[in-house]
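# Structure at a glance
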Amino acid sequence: MAVREPRALLREFGLHLDDAVALHVHDSTAEVRYMVLPRRPAGTDEWDEARLAALVTRDCMIGVALPHAYPPAATTAVAALSPPP
């Protein structure tokens, strides 16, 4: 069964894509399989393979989430612990 509204489906998983992001849906068959390669997060150019691999979750590998170098909760906690300027 084809996905009729892929952006709506991804939103159900918590992934909100900007309208400028091209989205293509392909069905796998017995002969053809597709692999999702998560995009590299900004700010990770100098990271080694092990550190990058730690960012990739199950949801990233099935295409319903994006990897984040700094999870929002961790960023908030660091900001809360930082002394005022």
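As the structure is a computational prediction, the values presented were derived from the model and not from experiment. (Residues numbered from 1 in each chain as written. Predicted model: local features only at pLDDT ≥ 70, side-chain atom pairs only at ≥ 80, totals over all residues. Heavy atoms only, no water.)

### A look at the overall build of the chain
Of the regular secondary structure elements, the chain holds four helices and zero strands. For the chain, the α and β elements follow one another from N to C terminus as α-α-α-α. Each of the 85 residues in the chain was classed as buried or not, and the buried ones make up 13%. Contacts in the chain between residues at least 24 apart in sequence constitute 40% of all its contacts with a sequence separation of at least 6. (Helix = DSSP H or I, 4+ residues; strand = E, 2+ residues; numbered from the N terminus. Buried < 20%, exposed > 50% of the residue type's maximum accessible area, 1.4 Å probe, protein only. Contact = heavy atoms within 4.5 Å.)

### Observations regarding the side chain of threonine 44
Among the secondary structure elements, threonine 44 is positioned in the loop between helix 1 (6-12) and helix 2 (49-53). Classification of threonine 44 as buried rests on a relative accessible area of 0%. Other than its neighbours up to four places away in sequence, threonine 44 contacts Leu52, Leu55 and Ala69.

### Topic: the layout of surface pockets
For the largest pocket, the calculated volume is near 930 Å³. Lining the largest pocket are 27 residues; nearest its centre among them are Leu23, His24, Val36, Ile62 and Gly63. Counting residues per element, the lining of the largest pocket draws most heavily on helix 1, which supplies three residues. (1 Å grid on protein atoms, 1.4 Å probe; cavity = no way out; pocket = protein on both sides within 12 Å on 5 of 7 lines; lining within 4 Å. Points joined across faces, edges and corners; volume = space filled by probe spheres on them.)

### Quick notes on a nonpolar patch on the surface
A surface patch of nonpolar side chains, about 370 Å² in accessible area, is lined by Val3, Leu9, Phe13, Leu23 and Val25. Relative to the elements of secondary structure, phenylalanine 13 occurs in the loop between helix 1 and helix 2. Accessibility expressed as a relative area gives 46% for phenylalanine 13, which makes it partly exposed. (Patch = residues over 30% accessible without salt bridge, like charges linked within 9 Å, V, L, I, M, F, W, Y side chains within 5 Å. Areas by Shrake-Rupley, 256 points an atom, 1.4 Å probe, with all protein chains shown as cover. Salt bridge = Lys/Arg side-chain N within 4 Å of Asp/Glu carboxyl O.)

### Some points on the confidence of the model for the chain
Averaged over every residue, the pLDDT of the chain is 78; residues scoring 70 or more account for 80%. Ranking the elements of the chain by mean pLDDT puts helix 4 (residues 72-81) last, at 47, and helix 2 first, at 90. Note that pLDDT drops below 50 for residues 74-85; the model gives that stretch one contact with residues more than four away or on any other chain. (pLDDT = per-residue confidence, 0-100.)

### So, the environment of aspartate 27
Locating aspartate 27 in the fold gives a position in the loop between helix 1 and helix 2. For aspartate 27, a relative accessible area of 45% puts it in the partly exposed group. Residues aspartate 27 and valine 3, spaced 24 residues apart in sequence, show a C-alpha to C-alpha distance of 8.9 Å.

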